[in-house]
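Examination of the molecular architecture
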Amino acid sequence: MIKEAVILGAGLGSRLKEKTVAMPKGFLELGGKAIVEWSVQKLLACGVERVIIGTGHCHEYYDELAKKYPAVKTVFNAGFASAGSMGTLAVCAPCVTADFFLLESDLIYDAAGLFVLDNESRKNVVLASGATYSGDEVYLEAPEGALRALSKNKNELRSVDGEFTGISRLTPVFLQKLCVYARDNRNTMPKLEYESAIAAVSRKAPHDFPVYVRKIENYAWREIDDAYHLQTAEQDVLPRIIENEECRSVRREVLLNPGPATTSDSVKYAQVCADICPRENEFGDVMAWICDELTLLAADKAAYETVIFGGSGTAADESMISSCVPDDGRLIVINNGSYGERLAKIASVYKLRHTVFESSAYEALDIEKLEYEFKTGRYTHLGIVYHETTTGLLNRIDQIGPLAKKYNIVTIVDAVSAYAGIPMDLEKLGIDFMASTSNKNIQGVAGIGFVICKKNELEKTGAIPMRNYYLNLYDQYAYFLKNRQTRFTPPVQTLYALRQAILETRQETVEGRYARYSECWHILVSAIKKYNLKMLVKEKDQSRLITSIMDPETPHYSFDALHDYACKSGFTIYPGKLGNINTFRIANIGAIQPSEMRRFAELLGGYLESIGWR
Ligand SMILES: *Cc1c(COP(=O)(O)O)cnc(C)c1O
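Residues numbered from 1 in each chain as written. Predicted model: local features only at pLDDT ≥ 70, side-chain atom pairs only at ≥ 80, totals over all residues. Heavy atoms only, no water.

The next subject is the sheet that holds strand S23 (residues 448-454). For sheets, the rule is that strands pair by backbone hydrogen bonds, running either parallel or antiparallel. Taking strand neighbours across the sheet as the criterion, the seven strands line up as S15-S23-S22-S21-S18-S16-S17 in an open arrangement whose pairing is mixed. Sheet topology places strand S15 (304-310) and strand S17 (354-358) at the edges, where each strand pairs with a single neighbour. Strand-to-strand twist of the sheet, defined as the mean angle between neighbouring strand axes without regard to direction, takes the value 20 degrees. Contacts between helix H16 (residues 473-483) and the sheet are confined to S15, strand S22 (433-437) and S23, with S15 contributing the most and set at about 105 degrees to the helix. (Pairing = 2+ DSSP bridges. Helix = DSSP H or I, 4+ residues; strand = E, 2+ residues; numbered from the N terminus. Axes fitted to C-alpha atoms, helices over the stretch in contact; angles between N-to-C directions. Contact = heavy atoms within 4.5 Å.)

Here it is in structure tokens:
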């Protein structure tokens, strides 16, 4: 799996004349977007964690781009005006830590090329295409697929086996060789281009450093060096690329149910990868990275640790409750919805000493009353749901968590439907254990439950005799710490999807995600008001992630009819979950856009009109 990329973006682009006098070539726009931004987005969608851009001419443009994409890091080549592209690559080299994609900044290309190179079993590979007739081709001589030479002049080659696209995958070791070659030939070749260096190094040591050519005959790509390229790129190549990529898009279903949530296509596609034994180091690294990143979204890595299980969110809940409360402890569980009830149920299945604190399912809980319970000194542990998905009620963890800490109570929080959608800092909130899942606000696919644990509290649970085997939190933690493997087979492909979902969360940030979710919620709430519908929970007590709407009081209303009506347009909605009050729920979590919520609001209006409500 390729996790890094280098984009060479220092050049002057002088053949585009006035267009690139005050701007790097990568910022030429095609289809309303800078070509380098297309490239960065494709790299991120392909699972790249870090994009290093070598800059020179008008580098501020790239520095601005880096502010928009946290995964982008710019490296300035001060000698750009007198150096060739190899000089810029050499300046980027110290930042490269793993196998990487190497690209030029002035390329548009079909993302399939990245997928193909990522799936190569060979280490150093350049991507080639059939004839493009672009007028500025670099031809490859590659008998039997191994690179021998490359040139803009066909006559210099013994055979023409393809065109160089400007997309490669290389190892850090090979990169070092390139840098040494450039240094050794600095005097004779001050303007060395990186592709010439690649050909020279592989020619000199074809057995130690073979470079292979992977050719896709009809590959859609274009390098933009002059006005003619720009014109053909816009008229011919970009439409082909967009069409190819559209052909690979997955049917859009907007899930407005409270999880599993809608995922991006890149998350779905991340599951399509080479088979790997999860006991290999490479997969251990992926899992360790996932655990660290899940922690970092809500806490400090020095004090907290994430433990993952194959299982749904309830597996994570069960793991926490069954593993953290000692026999002589006592748990107080807040029940103000079905998920709180579920925590209490788990406590009773394991016959833990516990008390259930009942509170309204749709009104904010009485914190003074809760403190009165804390004051009795009977409780060692608190079990509470952060966001009651049953109704959309948000519990005030910001007040309750610190209050529990004041009474030395260990806090166990089901944040399954809050984590990664609501910004949180576990330390500040006084949370010791927090459960969530891969398929809600983190926007991955279903199959992984995880617990983020305060390390010192987790260590203490090692002394509690195991009440179960698979779900024991401490055992899972200790085994992974020692072996970088989970005790039992993890859902491998689901973890690759989660990795991609985390990358996309890092790009959006949890704050940004909360803002997008809130925008969708505002759209929904204004529609609810416009249609004279009523909400179950007061606006101020809502999470803004899920809204419970009272059924319209007309005999013509039927949830099933509304569900089917919405389904026909690609929206899935969910019934209410309260026994005594008739509601339906609209969740606005997942990879959905405000424009989609607007469409749903209109659809809801259309349905209500059809039953004579409006
Ligand atoms: C979704 C959810 C769960 C877990 O449900 P699963 O079906 O086990 O994934 C637990 N708690 C809350 C608050 C939830 O929203």
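Attention now goes to the side chain of Ser129. Along the chain, Ser129 falls in strand S8 (residues 125-129). Classification of Ser129 as buried rests on a relative accessible area of 0%. In this structure the side chain of Ser129 is engaged in a polar contact, spanning 2.8 Å, whose partner is the side chain of Trp221. Discounting residues that sit within four places of it in the chain, Ser129 has contacts with Gly162, Glu163, Thr165, Lys215, Ile216, Glu217, Tyr219 and Trp221. (Buried < 20%, exposed > 50% of the residue type's maximum accessible area, 1.4 Å probe, protein only. Polar contact = N/O pair within 3.5 Å; in protein donor to acceptor, adjacent residues only side chain to side chain.)

We now examine the domain arrangement of the protein chain. Domain parsing of the protein chain yields domain 1 (4-239), domain 2 (267-508) and domain 3 (510-610). In this structure, domain 1 and domain 2 have C-alpha centres spaced 44 Å apart. Taken together, the contact pairs ten residues of domain 1 with seven residues of domain 2. Both sides of the domain 1 and domain 2 interface together cover about 660 Å² of buried area, and 41% of this is carbon and sulfur. Ranking the residues of domain 1 by area buried against domain 2 places Gly47, Glu49 and Pro70 at the top, with a combined share of 56%. Where domain 1 packs against domain 2, one counts one salt bridge. Between Glu49 and Arg499 there is a salt bridge, and its shortest N-O distance comes to 2.9 Å. Put simply, domain 1 and domain 2 have six residue pairs in polar contact (both at pLDDT 80 or more) between them. (Domains from an automatic or database assignment. Buried area = accessible area lost by both parts, 1.4 Å probe. Salt bridge = Lys/Arg side-chain N within 4 Å of Asp/Glu carboxyl O.)

On to the packing of aromatic side chains. How two aromatic rings sit relative to each other is given by the distance of their centres and the angle of their planes. Following the criterion strictly, the structure yields 16 aromatic pairs and no others. Among the aromatic residues, those joined into a cluster by ring pairs are Phe309, Tyr469, Tyr470 and Phe488. Sitting above the plane of the Trp38 ring, Lys33 keeps its charged end 4.1 Å from the centroid. Across from the ring centre of Tyr469, 5.7 Å away, lies the NZ or CZ of Arg487, which sits over that ring. (Phe/Tyr/Trp six-rings, centres within 6.5 Å; stacked < 30°, edge-to-face > 60°. Lys NZ or Arg CZ within 6 Å of the ring centre and 35° of its normal.)

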